[in-house]
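Understanding the architecture of this molecule
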Amino acid sequence: MVPQLVTVRHRRRNGRWLRLYVPVVPVLLVLSPLLLLAVLAGLVACLVTKVSPVGALRGAGQLLWALPGTRIEFEQGRTAVLVSVR
């Protein structure tokens, strides 16, 4: 299952949380030209380092499929960020 929504929570200085909902598909459509360049750069890197491009693509796909349900928290001093993938 490909993630559909990423929730980012950021704690402000006053202690209140700011919650942002980021839809994945529209963001991918807007950033697709950059994604194409990243795929081409990855292909060149695979060829230079003699890594199988199919294996690298399979690994990236497995990582993408494993993302739903992931929660990542960063906290340093008064700053805190929580990223949740649904």
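Residues numbered from 1 in each chain as written. Predicted model: local features only at pLDDT ≥ 70, side-chain atom pairs only at ≥ 80, totals over all residues. Heavy atoms only, no water.

1. Some points on the overall build of the chain
Counted only if it meets this: What counts as a helix is a DSSP run of H or I of at least four residues, what counts as a strand is a run of E of at least two, and both are numbered from the N terminus. Values of the radius of gyration come from C-alpha atoms, whereas the globule rule sets the reference at 2.2 Å times the count of residues to the power 0.38. Residue burial is assigned from relative accessible area. The probe radius is 1.4 Å, only protein chains are included, and a residue is buried under 20% of its type maximum, exposed over 50%, and partly exposed in between. In what follows, a contact means two residues having at least one pair of non-hydrogen atoms within 4.5 Å. Here the Shrake-Rupley method, with its probe set to 1.4 Å, supplies the accessible areas, and only the displayed protein chains count as covering residues.
Regarding its fold elements, the chain presents three helices and four strands. Moving toward the C terminus, one meets the helices and strands of the chain in the order β-β-α-α-α-β-β. For the chain, the C-alpha radius of gyration of 17 Å lies well beyond 12 Å, the compact-globule estimate for 86 residues. On the principal axes, the C-alpha backbone points of the chain span a range of 50 × 25 × 25 Å. Relative to its full complement of 86 residues, the chain shows a buried share of 12%. A separation threshold of at least 6 residues defines the contact pool for the chain, and within that pool the share at least 24 residues apart is 42%. Summing over all exposed atoms, the chain offers an accessible surface of approximately 7000 Å²; the carbon and sulfur share of this is 69%.

2. As for the pairing of strand S2 (residues 17–23)
Our working rule: Strands are treated as partners if at least two bridges between them are detected by DSSP.
Two strands pair when backbone bridges link them, and strand S1 (residues 5–11) and S2 are joined in this way by seven bridges, in the antiparallel orientation. Across the sheet, the residue bridging to Arg11 is Trp17, located in S2. Between S1 and S2, which pair antiparallel in sequence order, lie five residues; one of them, Gly15, sits at a positive phi of approximately 95°.

3. Describing helix H2 (residues 32–49)
We apply this condition: To estimate how far a helix should extend, the number of its residues minus one is multiplied by 1.5 Å.
With 18 residues, H2 extends 25 Å between its outermost C-alpha atoms, agreeing within 8% with the 26 Å of an ideal straight helix rising 1.5 Å per residue. In terms of burial, H2 is largely open, as just one of its 18 residues are buried. Lys50 occupies a position one or two residues after H2 and carries a positive phi of about 60°.

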